[in-house]
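Chains, contacts and geometry: an overview
Below are the chains, spelled out letter by letter.
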Amino acid sequence: MKVTVNSIIFAIALGFVLLATESKAKESSKTNASPKVTSLVKAQQKAFEQYINEQYTPFVEQEDWKVFVEIVTYYNNSPSKFLNVDAEKQKQFRNAVSLMIHSLSTSNEANAKDWLQSLKKTSHNINFLWKLDWNSLMESEELENQGEPISSLNGF
């Protein structure tokens, strides 16, 4: 009789511990997970392209948009082509990203903020991979040419 009482108490205590652990795990997964912000990979890329086609039709007709789609497709499907993209296409990609970031950040639509975060994340990943020195696996020290030096802009 004493053994069954102890086993019943043990089972009840174990049940409470498991329930408490499960509820804490559910709470932490709710606060830490952000399912809407993901990289533009596979299905997300297609959904993003459809969103831009519907919301920003004039932009879709520009060459920068076509380069953007091409590079993100390479990023998702063909790493060898992605890493061998020439400097001109990289510049067009960055221009397209800048235009999209500006447009999405000024938009009042609810989905625009989520797509903006996804775009920033994907752009960051792509630019990081382009700047990476694959021999040393360190980020390249090269600085991008961002225009004329300040002294020439001030007339000195």
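All of the points below concern the structure found in this document. What you see is a predicted model, and the numbers here were worked out from it, not measured in a lab. (Residues numbered from 1 in each chain as written. Predicted model: local features only at pLDDT ≥ 70, side-chain atom pairs only at ≥ 80, totals over all residues. Heavy atoms only, no water.)

1. Regarding the overall build of the protein
Helix and strand counts for the protein come out as eight helices and two strands. Starting at the N terminus, the α and β elements of the protein follow one another as α-α-α-α-α-α-α-β-β-α. Look at the contacts in the protein between residues 6 or more apart in sequence, and 64% of them connect residues 24 or more apart. (Helix = DSSP H or I, 4+ residues; strand = E, 2+ residues; numbered from the N terminus. Contact = heavy atoms within 4.5 Å.)

2. Some words on the packing of helix α4 (residues 63-77) against helix α6 (residues 87-106)
The geometry of a pair of packed helices is captured by two quantities: the angle between their axes and the separation between those axes. At a minimum axis separation of 8 Å, α4 and α6 run at an interaxial angle of 105°. Classified by the angle their axes make, α4 and α6 are roughly perpendicular. Contacts between α4 and α6 involve E63, D64, W65, V67, F68, E70, I71 and V72 on the former and, on the latter, K89, Q92, F93, N95, A96, V97, L99 and M100. When its residues are assigned to classes, the contact of α4 with α6 shows ten nonpolar, two polar and four charged. (Axes fitted to C-alpha atoms, helices over the stretch in contact; angles between N-to-C directions. Parallel < 35°, antiparallel > 145°, perpendicular 65-115°, else oblique. Nonpolar A, V, L, I, M, F, W, Y, C, P; charged D, E, K, R; others polar.)

3. Some details on the side chain of S123
Here S123 shows up in helix α7 (residues 110-131). The exposure class assigned to S123 is buried, which follows from its relative accessible area of 8%. When residues no more than four places from it in sequence are discounted, the contact partners of S123 are F93 and V97. (Buried < 20%, exposed > 50% of the residue type's maximum accessible area, 1.4 Å probe, protein only.)

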